[in-house]
Amino acid sequence: RWFDYRNLRRVMCAQLQEEVFRRQFLQRSAGLALEEKKKLFFTLSAELQGAELEDLVKETGLAVDWIAIADKVSNRSAKTASREWSSLQYSPSMCAIQYKHKLAIPPKFGSMVPADRRA
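**Q** Whenever I open this one, the overall build of the chain confuses me. Can you help?
**A** Scanning the chain for helices and strands turns up 5 helices and 0 strands. When the helices and strands of the chain are read in sequence order from the N terminus, they spell out α-α-α-α-α. Within the chain, buried positions represent 33% of all 119 residues. Of the contacts formed within the chain by residues at least 6 apart in sequence, a portion of 76% connects residues at least 24 apart. For the chain, the exposed surface amounts to about 8500 Å²; the carbon and sulfur share of it is 55%.

This is the structure we're talking about:
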């Protein structure tokens, strides 16, 4: 079955940038004056603008709003897809599964043989 991985990646990156921005702004802006908050806003925006998806996933621990991601991927895909694919709706679970199986960098596994049994 066809899946729009490019849009999933873009939407996830935007969603995670927004979540990381909110979290960091709230933490760093506590007790700051209005002018300092404005500077912090632009500084954080610049820092996160070029952030890679993998770095954002590490920052959030993959605690993402899969419902929002599915809605955004569905809307974005409907605008760019051909007529036969334009009505395709992505579910939150489908987006999470496709991310984990196709887009996530697999963990580096060591040997599957226990250390005490290696030759």
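**Q** I would appreciate a short explanation of the packing of aromatic side chains in the present structure.
**A** Under the criterion given, the structure shown has 5 aromatic pairs. Summarising the aromatic geometry, the rings of phenylalanine 21 and phenylalanine 25 are spaced 5.7 Å apart at their centres and angled 10 degrees between planes, so their arrangement reads as stacked. Taken together, the residues span about one helical turn, with phenylalanine 21 and phenylalanine 25 both in helix H1 (residues 5-29) at a distance of 4 residues. A ring pair is formed by phenylalanine 25 and phenylalanine 41, whose centres lie 6.4 Å apart and whose planes are at 85 degrees; its orientation type is edge-to-face. Taken as a pair, phenylalanine 25 in helix H1 and phenylalanine 41 in helix H2 (residues 34-49) lie far apart in primary sequence, 16 residues in all. Look at phenylalanine 41 and you get partly exposed, because its relative accessible area is 38%. Grouping aromatic residues by their ring pairs yields a cluster made of Phe21, Phe25, Phe41 and Phe42.

**Q** Would you mind showing me how to read the confidence of the model for the chain here?
**A** Atomic detail in the predicted coordinates should be set aside for any region of low pLDDT. Taken over all residues, the pLDDT of the chain has a mean of 80, while the share at 70 or more is 75%. A low-confidence stretch, residues 110-115 stays under pLDDT 50, and its non-local contacts, those more than four residues away or across chains, total 2 contacts.

Criteria and thresholds
- Residues numbered from 1 in each chain as written.
- Predicted model: local features only at pLDDT ≥ 70, side-chain atom pairs only at ≥ 80, totals over all residues.
- Heavy atoms only, no water.
- Helix = DSSP H or I, 4+ residues; strand = E, 2+ residues; numbered from the N terminus.
- Buried < 20%, exposed > 50% of the residue type's maximum accessible area, 1.4 Å probe, protein only.
- Contact = heavy atoms within 4.5 Å.
- Areas by Shrake-Rupley, 256 points an atom, 1.4 Å probe, with all protein chains shown as cover.
- Phe/Tyr/Trp six-rings, centres within 6.5 Å; stacked < 30°, edge-to-face > 60°.
- pLDDT = per-residue confidence, 0-100.

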